[in-house]
Amino acid sequence: MSTREHAPVGPTVDVSPARRWASLAVLSASLLVVTMDLTILNVALPDLAADLRPSATEQLWIVDSYSLVLAGLLIPMSALADRWGRKRLLLLGFVVFGAASALVVLTDSPWQVVATRSLLGAGGAMIMPTTLSLLRSVFTDPAERATALGVWAAVSALGAAIGPIAGGLLLEHFSWHAAFLVNVPLMLAAVVAGALILPEARAASPAPWDLPSVGLSIAGMVGLVWAVKRFAEEETFADALGWVVLAAALTMLATFVRRCLVRDEPLLDVRLFRRRPFTAGVVAALMAMFAMAAILLLLAQWLQLVEGHSPLAAGVRLLPLAGGGLVASLLASPLASLVGARTVLASGLGVAGIGALLLPVVPGDLGYPTVAVAMALVGAGAGSLAIGSAMIMAGTPAERAGSAAAIEETAYDLGSVLGVAVLGSVASVVYRDHLATGPLVADGLPAAAARAAEDSLGAAVDVATAAEAPALAAQAAAAFTDALVDTSLVAGLVMVAVAVVVWLIAPRGLDITQQQH
């Protein structure tokens, strides 16, 4: 063997420029697949619901089970990657993700889909933070890394574009199972390419494995997400069990943070929050996903069930969201060099907020032209998060890249879960409040059918079709549109507020092309 092969593996890797950019291609492509899977589900959900007929609760679990498992495992998986090897864990994640996608052929009930999505979440927990930490390991020059992160974010936006279209195309010819099975050949290709191209990296002197911290982080994160979902499903804050679980989860997370602060080599380096650029980037990721995740989910359903588009046509009409993100991701780094990272990130979040606010502000009936402009602006705001990633990594030593990646990805995932739960419950309340079924019941609609219609728009469409009640379908569509508009109002106000907070937190004159100390 060569001397190179005997060289010790550390937190950074000195490789040729060609291999650096080839590594970026592999890491970005793996993120592309994960992003595609999330957006494909949004398009496939109506067909899945029509086939398996999940209850409203089961449907929420189908959407959120992936994120719940991902949130629980991100921190321990990132710590494992630092100790075991980032490349090694990434390749294992590819295998788990592909195997879980193949298992979908055996699913024939809502809870089996939940189990499959949970296994996908475990694979995603191995993939998502590891791509970021490997980027930090390979791209040691901050300026070059900022460009790489812009490309990485742009590919994520591309996945958001390809996902709905690929999902729609598959659903035109196959069942909803195909939306999962498409991952299998992609993951096989990722395993081969990753094994051949990616270098290995890990912490130079990893600390002993801290099992109590692992247990606290998993239980705390899962409990937090479960409690939020419980309140959303019960639509009341008077639920005693929800408060008990929330208190226990917060206690465990507080204990976890305290344990990480007092240990010399913690499982997660929470001291990174002492750096203002790091904190600003994490806040931006958390709150941007809080606002955007629910809007994307509602828009996919609105296009299919209200506007009446096929899954493929709905996917094409979601392109402005991804297009805005793709352009903004590529322009973010050059713009940051001109006007500053703080200005680009805060302005991007503000633009996203304005986009969401277009839906309730533009007068008249909601139409696709307004929605398309709003999606483009929201996508542009999402693209600016590439600067947030660069701010996070610019202030992080290479040996702490795993902790930084875990915190950032946890912010993304937790924001998505909280957004779907909180804003999704807002949409549900508005939908039910505006769906006045009393007159329809008086006209002969069965009471059981009316109650089913109140569960979701998809259920209302099915009930209206079975009962030959076009008035119910029209009223449900109007109620759902009102729910989309009101939810966008809340999301837009949140985004504008976050833009102000990020502007206040991020240091003036921050240069992401220089490593901060």
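Since the model is a prediction, treat every value here as computed from it, not as a measurement.

### Details of the overall build of the protein chain
Moving on, step 1. Helix and strand counts for the protein chain stand at 21 helices and zero strands.
Moving on, step 2. Compactness check: the protein chain gives a C-alpha radius of gyration of 23 Å against a globular reference of 24 Å for 517 residues, within 12% of the reference.
Moving on, step 3. Projected onto its principal axes, the C-alpha positions of the protein chain cover 80 × 50 × 45 Å.
Moving on, step 4. Here the protein chain, with 517 residues, has 57% of them falling under the buried criterion.
Moving on, step 5. Considering only contacts within the protein chain whose residues lie at least 6 apart along the sequence, 83% involve residues at least 24 apart.
Moving on, step 6. Roughly 19,800 Å² of accessible area belongs to the protein chain as shown, and the carbon and sulfur atoms make up 67% of that amount.
Moving on, step 7. Here the protein chain contributes 27 positively and 36 negatively charged side chains, and the mean placements of these two sets differ by 15 Å.

### Section: the pattern of salt bridges
Any two side chains of opposite charge can pair, given that their charged atoms come close.
Moving on, step 1. With the rule as written, the count across this model stands at five salt bridges.
Moving on, step 2. In this structure, the salt-bridge partner of Asp82 is Arg86, at a minimum N-O distance of 2.9 Å. You'll find Asp82 and Arg86 in the same group, each marked buried.
Moving on, step 3. The salt bridge involving Asp269 is made with Arg271; its shortest N-O contact spans 3.9 Å.
Moving on, step 4. Here Asp269 falls in the buried class, since its relative accessible area comes to 8%.
Moving on, step 5. Within this structure, Asp210, Arg259 and Arg263 form a network of salt bridges that share partners.

### Quick look at the packing of helix H3 (residues 56-84) against helix H17 (residues 401-434)
The geometry of a pair of packed helices is captured by two quantities: the angle between their axes and the separation between those axes.
Moving on, step 1. Orientation of H3 relative to H17, taken along the N-to-C sense of each, is 170 degrees, at an axis distance of 9 Å. Considering the angle they form, H3 stands roughly antiparallel to H17. Taken together, the residues of H17 that come into contact with H3 (itself represented by Leu60, Val63, Asp64, Ser67, Leu68, Leu70, Ala71, Leu74, Ile75, Ser78 and Asp82) are Gly402, Ser403, Ala406, Glu409, Thr410, Asp413, Ser416, Val417 and Val420.
Moving on, step 2. The residue inventory of the contact of H3 with H17, partitioned by class, reads ten nonpolar, six polar and four charged.

### Structural notes on the nonpolar core
Moving on, step 1. Core analysis: the biggest nonpolar cluster contains 166 residues, and Leu349, Ile387, Met391 and Ile512 have the highest contact counts within it.
Moving on, step 2. With 19 residues, the top contributor of residues to this core is helix H11 (residues 276-306).

### Some details on the environment of Ser333
Moving on, step 1. Positionally, Ser333 belongs in helix H13 (residues 319-339).
Moving on, step 2. Look at Ser333 and you get buried, because its relative accessible area is 13%.
Moving on, step 3. Ignoring anything within four residues of it in the chain, the contact list for Ser333 reads Ala146, Thr147 and Ile387.

### A look at unusual backbone geometry
Moving on, step 1. Notably, Arg53 is not glycine yet its phi reads approximately 50 degrees, a positive angle.
Moving on, step 2. Judged by relative accessible area, Arg53 falls into the exposed class, the value being 58%.

### Description of helix H15 (residues 368-383)
Moving on, step 1. Taking 1.5 Å per residue as the helical rise, H15 with its 16 residues ought to reach 22 Å, and the 22 Å between its terminal C-alpha atoms agrees with that figure.
Moving on, step 2. When we look at burial in H15, the residues that qualify are Thr370, Val371, Ala372, Ala374, Met375, Val378, Gly379, Gly381 and Gly383.
Moving on, step 3. Contacts from the buried residues of H15 go to H11, helix H12 (311-317), H13, helix H14 (341-361) and helix H16 (385-394).

### Focus on the environment of Ala506
Moving on, step 1. Structurally, Ala506 can be placed in the segment after helix H21 (470-505).
Moving on, step 2. On the basis of relative accessibility, which here comes to 0%, the residue Ala506 falls in the buried class.
Moving on, step 3. In this structure the C-alpha to C-alpha distance between Ala506 and Leu326, which are 180 residues apart in sequence, comes to 24 Å.

### Some remarks on the packing of aromatic side chains
Moving on, step 1. By the definition in use, this model includes three aromatic pairs.
Moving on, step 2. Residues Trp21 and Phe139 carry aromatic rings whose centres are separated by 4.9 Å and whose planes lie at 65 degrees to one another, so their mutual orientation is edge-to-face. Residue Trp21 is found in helix H2 (residues 17-52), and its partner Phe139 is found in the loop between helix H5 (110-138) and helix H6 (142-173); the two are separated by 118 residues along the sequence.
Moving on, step 3. Arranged with centres 5.2 Å apart and planes meeting at 85 degrees, the rings of Phe273 and Phe278 form a pair that is edge-to-face.
Moving on, step 4. For Phe278, a relative accessible area of 1% puts it in the buried group.
Moving on, step 5. One residue, Arg342, lies across the ring of Trp503, its end atom 3.7 Å from the ring centre.

Scoring rules and cut-offs
- Residues numbered from 1 in each chain as written.
- Predicted model: local features only at pLDDT ≥ 70, side-chain atom pairs only at ≥ 80, totals over all residues.
- Heavy atoms only, no water.
- Helix = DSSP H or I, 4+ residues; strand = E, 2+ residues; numbered from the N terminus.
- Rg over C-alpha atoms; globule rule 2.2 N^0.38 Å.
- Buried < 20%, exposed > 50% of the residue type's maximum accessible area, 1.4 Å probe, protein only.
- Contact = heavy atoms within 4.5 Å.
- Areas by Shrake-Rupley, 256 points an atom, 1.4 Å probe, with all protein chains shown as cover.
- Lys, Arg positive; Asp, Glu negative; His and termini not counted.
- Charge placed at Lys NZ, Arg CZ, Asp CG, Glu CD.
- Salt bridge = Lys/Arg side-chain N within 4 Å of Asp/Glu carboxyl O.
- Axes fitted to C-alpha atoms, helices over the stretch in contact; angles between N-to-C directions.
- Parallel < 35°, antiparallel > 145°, perpendicular 65-115°, else oblique.
- Nonpolar A, V, L, I, M, F, W, Y, C, P; charged D, E, K, R; others polar.
- Core = buried A, V, L, I, M, F, W, Y, C linked by side-chain atoms within 4.5 Å.
- Expected span 1.5 Å × (residues − 1).
- Phe/Tyr/Trp six-rings, centres within 6.5 Å; stacked < 30°, edge-to-face > 60°.
- Lys NZ or Arg CZ within 6 Å of the ring centre and 35° of its normal.

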